[in-house]
Amino acid sequence: PEVFRAAVMRNPVVNLPSMVTATDIPDWCYVEGLGEYDWSSYRPPMSTDEISELWSKSPIRHVSGVSTPTLVALGMQDLRVPPSQGLEWY
């Protein structure tokens, strides 16, 4: 829907599967996207099901439907939300 004339995102998390490998807090991605994170065991690479689940909850999944001009402000040295997240939006 064309509700907004403009939008601003500051250090946005747009793609949970790719953020897991680029952030210093991958556990946050698991908790937000999958609902849990097991701190007591080693975390192997994500399964295809986990990647699909994280993708289903990622804003970038809907980017093709966005028509509002959007300013993306990035912190180039942000370790929590790496700038690659905002760059993926484009």
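The coordinates are above.
Residues numbered from 1 in each chain as written. Predicted model: local features only at pLDDT ≥ 70, side-chain atom pairs only at ≥ 80, totals over all residues. Heavy atoms only, no water.

Caption draft 1: Just the packing of aromatic side chains, in detail. Throughout the structure, instances matching the rule amount to 2 aromatic pairs. Residues Tyr30 and Tyr37 carry aromatic rings whose centres are separated by 5.4 Å and whose planes lie at 40° to one another, so their mutual orientation is tilted. A residue is classified by how much of its surface remains accessible, and Tyr37, at 22% relative accessible area, is partly exposed. Ring centres of Tyr37 and Trp39 lie 4.9 Å apart, and the angle between their planes is 75°; on these two criteria the pair is classed as edge-to-face. Residue classification places Trp39 among the exposed residues on the basis of a relative accessible area of 65%. (Phe/Tyr/Trp six-rings, centres within 6.5 Å; stacked < 30°, edge-to-face > 60°. Buried < 20%, exposed > 50% of the residue type's maximum accessible area, 1.4 Å probe, protein only.)

Caption draft 2: Spotlight on the packing of helix H2 (residues 26-34) against helix H3 (residues 48-56). Their axes nearest at 9 Å, the elements H2 and H3 cross at an angle of 75°. One finds that H2 runs roughly perpendicular with respect to H3. Every residue of H3 that contacts H2 at Cys29, Gly33 and Leu34 is listed here: Glu50, Glu53 and Leu54. Residues that form the contact of H2 with H3 fall into these classes: 3 nonpolar, 1 polar and 2 charged. (Axes fitted to C-alpha atoms, helices over the stretch in contact; angles between N-to-C directions. Helix = DSSP H or I, 4+ residues; strand = E, 2+ residues; numbered from the N terminus. Parallel < 35°, antiparallel > 145°, perpendicular 65-115°, else oblique. Contact = heavy atoms within 4.5 Å. Nonpolar A, V, L, I, M, F, W, Y, C, P; charged D, E, K, R; others polar.)

Caption draft 3: Broad picture of unusual backbone geometry. Although it is not a glycine, Asn11 sits at a positive phi angle of roughly 45°. With respect to the helices and strands, Asn11 occurs in the loop between strand S1 (7-10) and helix H1 (16-20).

Caption draft 4: Focus on the environment of Glu32. Looking at the element boundaries, Glu32 is found in helix H2. For Glu32, a relative accessible area of 48% gives the class partly exposed. Distance in space between the C-alpha atoms of Glu32 and Met19 is 12 Å, their sequence separation being 13 residues.

Caption draft 5: Examining the environment of Ser58 more closely. On the secondary structure map, Ser58 appears in the loop between H3 and strand S2 (70-73). The spatial distance from the C-alpha of Ser58 to the C-alpha of Ser41 is 26 Å, given a sequence separation of 17 residues.

Any functional reading would require information that these geometric values do not contain.
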